[in-house]
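Understanding the architecture of this molecule
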Amino acid sequence: MGRRSGILEFAVLGLLRESPMHGYELRKRLNTSLGVFRAFSYGSLYPCLKTLVQRGWLAEEPGDESEDSLTAPLTGRRAKIVYRLTAEGKERFEELLSQTGPDTWEDEGFGVRFAFFGQTSRDVRMRVLEGRRSRLEERLAKMRTALARTRERLDDYTLELQRHGMESVEREVRWLNELIESERAGRDQYRRETPPDPSDDTA
C-alpha cells in the first residue's frame, strides 16, 4: 500500500471510529476536516472502503430508509450504504495510532495524525511532534545553505519566494516548540498530581 493510501486508510478508520457514515458524508468530512484530502474523489475513496470491508475492518449496513425513500424512486439509485467500524477495525486504528515512524512526520501524514491527537497517547504525541520538528529543522538547514549559495544569482522575486518558504518553516518550528513544551508541562503536571502507588515498595 502506498503512503497516500495508508494515510487515507488511517483517516477513514479514525473518522468512522467517531460514528458510522455513508460514503458521501465520509468524503465531506475528509474534505472539510482533513485538508490534505481536498483533491480526493469518489474514485479514490471507494476502493479504499472496499478494501477495508474485505479485510474485516469495516462493515456495510443499509442506510436510513426514511432518508433514501424520497430520492431513490426518482433517481433509480440504491439506498446509501453506511460504513461502520468493526472491533477488528478499532484494533487496526489503535495499531496505526501508536505508530511514530517517519511517515507520521512528513507533510501529508503529520496533518492527518495531528487531527487525531485527541485520541493519541501523550508519549506517542511527543514522539510525533519531536520527529516532525527534527524533520523541519533539517529542511530549514538545507534551505539556508541553498539560499546562501545562490543568493547572488537570484532575482528579487525568486529571492523573496525563497525567504517566504523559509519563514513558513521557521513559523511551524516555533509552533511545534510551543506544542512540545505544552506537552511536557502537562506530563510534569500529571506526575506531580498523581499520588504514589501504595503497592509500590520502591518508594
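Residues numbered from 1 in each chain as written. Predicted model: local features only at pLDDT ≥ 70, side-chain atom pairs only at ≥ 80, totals over all residues. Heavy atoms only, no water.

1. Thoughts on the pattern of salt bridges
By the definition in use, this model includes 17 salt bridges. As a salt-bridge pair, Glu 94 and Arg 17 come within 2.5 Å of each other at their nearest N and O atoms. In this pair, Glu 94 sits in helix 6 (residues 87-97) while Arg 17 sits in helix 1 (residues 3-18), placing the two residues 77 residues apart along the sequence. Looking at Glu 94, the relative accessible area reads 36%, which means it is partly exposed. A salt bridge links Arg 122 to Glu 183, with the shortest nitrogen-to-oxygen separation between them at 3.7 Å. Pair noted here: Arg 122 is in helix 8 (residues 122-150) and Glu 183 is in helix 9 (residues 156-193), with a separation of 61 residues, a long-range link. Look at Arg 122 and you get partly exposed, because its relative accessible area is 28%. Through salt bridges that share partners, Glu 9, Arg 55, Arg 92 and Glu 95 make up one connected network. (Salt bridge = Lys/Arg side-chain N within 4 Å of Asp/Glu carboxyl O. Helix = DSSP H or I, 4+ residues; strand = E, 2+ residues; numbered from the N terminus. Buried < 20%, exposed > 50% of the residue type's maximum accessible area, 1.4 Å probe, protein only.)

2. Describing helix 8
With 29 residues, helix 8 should reach 42 Å at 1.5 Å per residue; the first-to-last C-alpha distance of 42 Å fits that figure. Listing the buried residues of helix 8 in full gives Val 124, Arg 125, Met 126, Val 128, Leu 129, Gly 131, Arg 132, Arg 133, Leu 136, Leu 140 and Leu 147. (Expected span 1.5 Å × (residues − 1).)

3. Points about the sheet that holds strand 2 (residues 58-62)
One open sheet holds the 3 strands; their spatial order is 1-3-2, and the pairing between them is antiparallel. The two strands at the open ends of the sheet, each matched to only one other strand, are strand 1 (21-22) and strand 2. Looking at chain direction, strand 1 and strand 3 (residues 81-85) are connected through 2 bridges and run antiparallel. Its bridge partner lying in strand 3, Met 21 is registered against Tyr 83. (Pairing = 2+ DSSP bridges.)

4. As for the packing of aromatic side chains
Scanning the entire structure with this criterion turns up 7 aromatic pairs. When the ring of Phe 10 is compared with that of Phe 116, the centres are 5.3 Å apart and the planes differ by 85°; the resulting orientation is edge-to-face. With Phe 10 in helix 1 and Phe 116 in the loop between helix 7 (107-115) and helix 8, this pair connects stretches of sequence that are 106 residues apart. Looking at Phe 10, the relative accessible area reads 5%, which means it is buried. Taking the centre distance of 5.8 Å and the plane angle of 75° together, the rings of Phe 93 and Phe 116 count as edge-to-face. One end of the pair, Phe 93, is in helix 6; the other, Phe 116, is in the loop between helix 7 and helix 8, with 23 residues separating them in the sequence. The pair formed by Phe 93 and Phe 116 is uniform in burial state, with each residue classed as buried. An aromatic cluster of three or more residues is present, and its members are Phe 110, Phe 114, Phe 117 and Trp 175. (Phe/Tyr/Trp six-rings, centres within 6.5 Å; stacked < 30°, edge-to-face > 60°.)

5. Regarding the side chain of Arg 132
Summarising the element assignment, Arg 132 is placed in helix 8. On the accessibility criterion, Arg 132 (4% relative accessible area) is buried. Among residues more than four places away in sequence, those in contact with Arg 132 are Trp 105, Glu 106, Asp 107, Phe 110, Arg 139, Glu 172 and Leu 176. (Contact = heavy atoms within 4.5 Å.)

6. Quick word on the confidence of the model for the protein chain
Across the protein chain, pLDDT averages 84, with 78% of residues at or above 70. Mean pLDDT across the elements of the protein chain bottoms out in helix 5 (residues 72-75) (45) and peaks in helix 6 (96). When the criterion is pLDDT under 50, residues 67-76 qualifies, and its contacts beyond four places in sequence or with other chains add up to 7 contacts. Segment residues 198-203: pLDDT under 50, and 0 contacts once partners within four positions in sequence are set aside and those in other chains are kept. (pLDDT = per-residue confidence, 0-100.)

7. A few points about the packing of helix 7 against helix 8
Between helix 7 and helix 8, the least distance of the axes is 11 Å, while the angle of their chain directions is 150°. As summarised for this structure, helix 7 and helix 8 are arranged roughly antiparallel, according to the angle between their axes. Between helix 7 and helix 8 the crossing geometry is left-handed. Facing helix 7, whose interface residues are Asp 107, Phe 110, Arg 113 and Phe 114, helix 8 presents Val 124, Val 128, Leu 129, Arg 132 and Arg 139. Tallied by class, the residues present in the contact of helix 7 with helix 8 amount to 5 nonpolar, no polar and 4 charged. (Axes fitted to C-alpha atoms, helices over the stretch in contact; angles between N-to-C directions. Parallel < 35°, antiparallel > 145°, perpendicular 65-115°, else oblique. Left-handed = near helix turned anticlockwise from the far one by under 90°. Nonpolar A, V, L, I, M, F, W, Y, C, P; charged D, E, K, R; others polar.)

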